[in-house]
Amino acid sequence: MKLYEYMGKELFDRYGIPIPRGKVVDNAEEAAVAADEIGDVVIKSQVLTGKRGKAGGISFASTAEEAKVEAERILQMEVSGFHVDKLLVEEKIEIEQEIYLALTVDGASRCPVILASLDGGMDIEEVPEERMVRWAVDVTAGVQPYVVREICRRLGVSGDLQKDFIKLLPKLYRLFREMDAELAEINPLALTPKGLIAADAKVTIDDDALYRHPELPNIKEKTDLELKAEELDIAYVELDGEIAVMANGAGITMATLDMVQHYGGTPANFLDFGGGADIEKTAQALELLLGTNPKVLLINIFGGITRCDVVAEGFAQVKEKKGIDLPVSFRLVGTNEAEGVEILKKVGIEAFTTMDEAVKHAVDLLKAKGE
Amino acid sequence: MKLYEYMGKELFDRYGIPIPRGKVVDNAEEAAVAADEIGDVVIKSQVLTGKRGKAGGISFASTAEEAKVEAERILQMEVSGFHVDKLLVEEKIEIEQEIYLALTVDGASRCPVILASLDGGMDIEEVPEERMVRWAVDVTAGVQPYVVREICRRLGVSGDLQKDFIKLLPKLYRLFREMDAELAEINPLALTPKGLIAADAKVTIDDDALYRHPELPNIKEKTDLELKAEELDIAYVELDGEIAVMANGAGITMATLDMVQHYGGTPANFLDFGGGADIEKTAQALELLLGTNPKVLLINIFGGITRCDVVAEGFAQVKEKKGIDLPVSFRLVGTNEAEGVEILKKVGIEAFTTMDEAVKHAVDLLKAKGE
Amino acid sequence: MAIFIDGNTRVLVQGMTGNQGSFHTGQMLAYGTKIIGGVSPGKGGQKVEGVPVYNTVFEAMEKETADASILFIPAPFAKDAAYEALEAGVKIIVLIPEHIPLHDAMDIMSFAKQKGAVAVGPNTFGLVSSGSCKIGIMPNRYFIPGPVGVVSRSGTLCYEIVGHLTENEIGTTTVVGLGGDRVVGLNFIDVLKRFEEDDETKTIILVGEIGGSSEEEAAAYIKNSISKPVIAYLAGKSAPPGKRMGHAGAIIERGRGTFESKVDALTKAGVKVAELPAQVPAMIKEVL
Amino acid sequence: MAIFIDGNTRVLVQGMTGNQGSFHTGQMLAYGTKIIGGVSPGKGGQKVEGVPVYNTVFEAMEKETADASILFIPAPFAKDAAYEALEAGVKIIVLIPEHIPLHDAMDIMSFAKQKGAVAVGPNTFGLVSSGSCKIGIMPNRYFIPGPVGVVSRSGTLCYEIVGHLTENEIGTTTVVGLGGDRVVGLNFIDVLKRFEEDDETKTIILVGEIGGSSEEEAAAYIKNSISKPVIAYLAGKSAPPGKRMGHAGAIIERGRGTFESKVDALTKAGVKVAELPAQVPAMIKEVL
């Protein structure tokens, strides 16, 4: 779950990482009041996307009046499709250098990794490899001072800035670990006359660990259908094609989509209802899918923990109770296959045994419909 | 540094380990007030020694008046040589079973060790090995629930009591680690109708880590001379013999004491002024020793990091400035030996080259004095 | 032969008395796996499919040393159970659950390394040495002995491909599921290395997908260290660009992670990449 | 031969620019120790006794891999420095400082084990393979090559005994100081095992003292696994009973830890225990 900048900064503050003085507001009047208190301010739209600067979602003001005008303007914006509900009004800080500092998880080394560069700022992804220091953290050691000294040496940093780093980095690591973050990124980490200040905050919390952090708000950046799917513990992503796809397992779902494209169709979605689904979950996944009004329905089941008879029964129930009036291509093999095929037969569906046949048939059905 | 029971219990409370309701008082009137508030109470002398129960330092009271009488009596006591300054007035708890639970450091396995027994109480040292569960804690894993489950299995504990243990033990471990404890002992850990309650608390903090815990009070359980020695970073223990011994290194100091006894003398103290002493530290150690009015002075120096000339110079300065009028036996070998021997010669001391000679001579000097 | 596990591997089932645990205990026993005990705290003394259940892993290990343990434990408790197995001396742990918190997974991997143990998963279907030992949740009937080693990031897709092999009467030595999470204990390289050393494995199938850089790393390793033919199938060709982990994700991946990057790297390493799962058996026959 | 270290051992000095660090760098160089670098944060680029100083252990290791490191680091910072050496891949660390917090020591020991490294100390004089490599603070002149392995808990007392040997022209293979703290990396058994395996070591001297149970554990080990003659000296015969660590200390020691218990255990294991340090050389001559 991505946190808004201001929430990330609240966490930074809690962990002792310096942030600019500031206030979160949701209307122009409050922005004016905040600017009046703070002085020269920067007004930042709180949206869960990068590129807000380039989109005009960040602005500066020196007076309450200016702040009000800018706040009004930004509150009416959409930044990369996200509506702006909140603004962060912050003191404008004097930045001598923009540093990049992040903690994230490195799958390859199976541990947290620190990324640091003196070339922070907007174009960080373009920074050449040799200007970016990476450090894989041994979780049993954590981030001790020696780790920071070595990172500083590789960055070419010494003196007071090194001391600041030695104070800051272990705090960021503690936040990263204790808050179950997938990402804790500061870009830019501003070097100012007063030392290091986190001028931005990108913190993402591991969804699988949210239960350990009931204090965090529930931030939604999904469509209603995606939220509904999440509730049902179904992996669902909307795409813009025509064939609705339902399969069990992420890999096979992806492969099914690939095959739809391979045979000239376009998938309407990615729906993986996982392993071991029961009748109800099958029915719910199906209903979710039907609600999107696809042209053709393609179901690809390779039963392992998932039992074919259960999926077939779920399908039959929906078909009988609610009706399924679009063309269906169904592939059903694996555990309790015979029973499943029998159930489908009763509701008029002839199941395929191979994925290839089922996908080809779905594309044919789509083409037939188009003609 | 040993903590008083009430301080240990304050720590327990801070870490969420249940303790009886209670109040620390230093006079009988306050004890009466506390008893009035609490009801049936136990009044416990706060001294840094065991066996206070057997010595009469623990008493019960049901009324304020009784509490006052008992408090007065205990406040006048000495328990194993310790004067009673404070009392802990606590609710009397209903104990169904006395459990023993401790965390300490096991040198052999180089890690924290949990000790647990269902036969807690006064005679815990007599509990047979097979009734005492030991668990060496892997510090990278810590005390996870599985550790407690396994300890409970070995104890033969299950159900609610196991649940209580799973809550309590990780807290005690956290305290032990975070507070740099050498020992965190609960005896008895009382099983009551309300669950587990720590009826006593023995917590010892690692002296070498006290600098990390400035919030802790400075508890003195040493004689003035021992405190003075501690200030000077000198290992000093008073003994009741006649030959004052000063050496560099704990092992050789012990060996010197052993040899004194071997040749028929009695050591007056153990004084190890460590390695690498300078002139001033040597002089201070010497002055400390002379203040105890021993009959003979035995100095045994094997110079490694410690330089012989430096020790000799320290000795010479004290002898010239303050005078040393008791018989001295001095052994001096090692780094800069020749220079050291020369310095001693100038103040009238003929140094020995072997420990044997020097110790024998010291014992002879003592005998000569006795005659 | 086979890799990691074989007919002598003694297996514990943690969480044996739960729905999944008891069902798959039956399935594994049916496959021939030597299950020596189960662990379910508070359920010690029961039996599941005739196998004794213990309260702790230590208790089970007192009776008979287990070589491997499979965990059917809800995600929030998986770290505790994994640590227990590792501290008790189990050298292969198979982490079936999905949704294990990422930081728990990193801790488990660190602890496993410290104990000299192998962690498979999390979010894996497990592993099976065909015909002798299955420690996982894959359907029994597709896994018949033969000369092909299979390593896969995803489950059902792997069954799909092994199913195609089985139809063509091509069997497998060992099939290993790496697990679908970002942090998993085994990666392609670990498994490829074992297949290279295993005399019975004549050729290798690698089933990958988009995201991460493990296929690219595998490609580099194959180029230098694998002499046996490798066939790959990769899912995700049609997938839209995924969500990025801030800039950090991009910095770590450095352009790797896409379908094209993976196909490119593998092809350059001499790996033949199948376009459809059904093509795999023919490609295998060509190199066998 | 010798144990742990020899003339090829490449040594780092952490805290080289301090008083102790620079003095003992000179002493070790004079003894013949191959010191390849020093580490003192912020002092990189300097030289001490002609040896280059680096800012971090990693920087030093980039130039030349060190096999061992000796730490002259104030106790509060010792854990950080020890971890640095261990993570950078140093396989022997010698912890000179005293007063390292007990929990730091436990952490260091755990991390060393994890990294497959040996920690000597803390609160040790170090170790020396006579005539070839000294990593410690002991006076150079007493440590001459010969057939005796020495392992000691205390420093000066060990010098005293080795001094007696030297007077009698008996040299040593390796002399190891275990360190005087409650938690130390090496114990008697670790060192005895190495001496047993070392062809040049013909006999072993064990210098112990009261407290703890490591002498008793050593005795049990000697009985079963050491074929070479062992002579012991133990300090503390006259010491009054020490302060107890609550009941827990007594429970852990279980009657061990006293002078009598140690002498008894060692004697039963066939070890001859000297009454005075000066008796040791004659006892050695008897068995050589």
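Residues numbered from 1 in each chain as written. Chains lettered and ligands numbered in written order. Predicted model: local features only at pLDDT ≥ 70, side-chain atom pairs only at ≥ 80, totals over all residues. Heavy atoms only, no water.

> Quick one: what's the story with the interface of chain D and chain B, residue by residue and with numbers?
Contacts between chain D and chain B engage 55 residues on the former and 62 residues on the latter. Summed over both partners, the interface of chain D with chain B buries about 4,700 Å², with 57% contributed by carbon and sulfur atoms. Taken together, the connections running from chain D to chain B amount to 6 salt bridges. Across the contact surface, chain D and chain B share 18 residue pairs in polar contact (both at pLDDT 80 or more). Put simply, the parts of the chain that give the side of chain D that touches chain B at least two residues each are α1 (19-31), α4 (102-114), α5 (156-167), β13 (230-235) and α8 (246-253) of chain D. No other element matches α4(D), which puts 8 residues into the side of chain D that touches chain B. A breakdown of the residues in the side of chain D that touches chain B according to their chemical character gives 28 nonpolar, 14 polar and 13 charged. (Contact = heavy atoms within 4.5 Å. Buried area = accessible area lost by both parts, 1.4 Å probe. Salt bridge = Lys/Arg side-chain N within 4 Å of Asp/Glu carboxyl O. Polar contact = N/O pair within 3.5 Å; in protein donor to acceptor, adjacent residues only side chain to side chain. Helix = DSSP H or I, 4+ residues; strand = E, 2+ residues; numbered from the N terminus. Nonpolar A, V, L, I, M, F, W, Y, C, P; charged D, E, K, R; others polar.)

> Let's hear about the sheet that holds strand β2 (residues 34-39) of chain D: which residues, and what values?
In space, the 7 strands of this open sheet follow the order β3-β4-β2-β1-β5-β6-β7 (chain D), with mixed pairing throughout. One side of each edge strand has no neighbouring strand; the edge strands of this open sheet are β3 (47-48) and β7 (118-120) of chain D. (Pairing = 2+ DSSP bridges.)

> Any details on the environment of Phe165(A)? Residues and values, ideally.
Residue and element names in this part refer to chain A. Here phenylalanine 165 is to be found in helix α5 (residues 159-178). A sequence separation of 20 residues divides phenylalanine 165 from proline 145, and the C-alpha atoms of the two residues are 9.2 Å apart. Those residues within four positions of phenylalanine 165 in sequence are excluded, and the remaining contacts are Ile99, Leu101, Val148, Cys152, Leu155, Val157, Pro170, Leu189 and Leu196.

> Tell me about the domain arrangement of chain A, and please be specific about residues and values.
Parsing chain A into structural domains produces domain 1 (21-91), domain 2 (97-212) and domain 3 (224-370). Inter-centroid distance (C-alpha atoms) of domain 1 of chain A to domain 3 of chain A is 46 Å. (Domains from an automatic or database assignment.)

> If you had to explain the sheet that holds strand β13 (residues 230-235) of chain C to someone new, which residues and values would you point to?
Here we have 7 strands laid out as an open sheet, ordered β9-β8-β11-β10-β12-β13-β14 (chain C), and mixed in their pairing. Of all strands in the sheet, those bounded by a partner on one side alone are β9 (133-136) and β14 (272-274) of chain C. For this sheet the average axis-to-axis angle between neighbouring strands, irrespective of direction, equals 20°. In the sheet, strand β8 (residues 126-129) of chain C pairs with strand β11 (residues 172-177) of chain C via 3 bridges, with the strands oriented antiparallel. Bridging from a neighbouring strand, Ser129(C) pairs with Thr174(C) of β11(C). Packed onto the sheet, helix α7 (residues 250-262) of chain A meets β12 (203-209) and β13 of chain C and runs at close to 85° relative to β13(C). (Axes fitted to C-alpha atoms, helices over the stretch in contact; angles between N-to-C directions.)

> I'd like a rundown of the packing of aromatic side chains, residues and numbers included.
If you walk through the whole model with that rule in mind, you get 18 aromatic pairs over all chains. Ring centres of Tyr4(B) and Tyr6(B) lie 6.1 Å apart, and the angle between their planes is 15°; this geometry places the pair in the stacked category. A relative accessible area of 22% means that Tyr4(B) is categorised as partly exposed. Residue Tyr6(B) is classed as buried on the basis of its relative accessible area, which comes to 13%. When the ring of Tyr83(C) is compared with that of Phe111(C), the centres are 4.3 Å apart and the planes differ by 15°; the resulting orientation is stacked. Of this pair, Tyr83(C) sits in helix α3 (residues 75-87) while Phe111(C) sits in helix α4 (residues 102-114); the two residues are 28 residues apart in sequence, bridging distant segments of the chain. Owing to a relative accessible area of 4%, Tyr83(C) belongs among the buried residues under this scheme. Connected via pairs of aromatic rings, a cluster forms that spans Phe302(A), Phe125(C), Tyr142(C), Phe143(C) and Tyr159(C). In this structure, Lys92(A) packs its charged tip against the face of Phe60(A), placed 5.4 Å from the ring centre. (Phe/Tyr/Trp six-rings, centres within 6.5 Å; stacked < 30°, edge-to-face > 60°. Buried < 20%, exposed > 50% of the residue type's maximum accessible area, 1.4 Å probe, protein only. Lys NZ or Arg CZ within 6 Å of the ring centre and 35° of its normal.)

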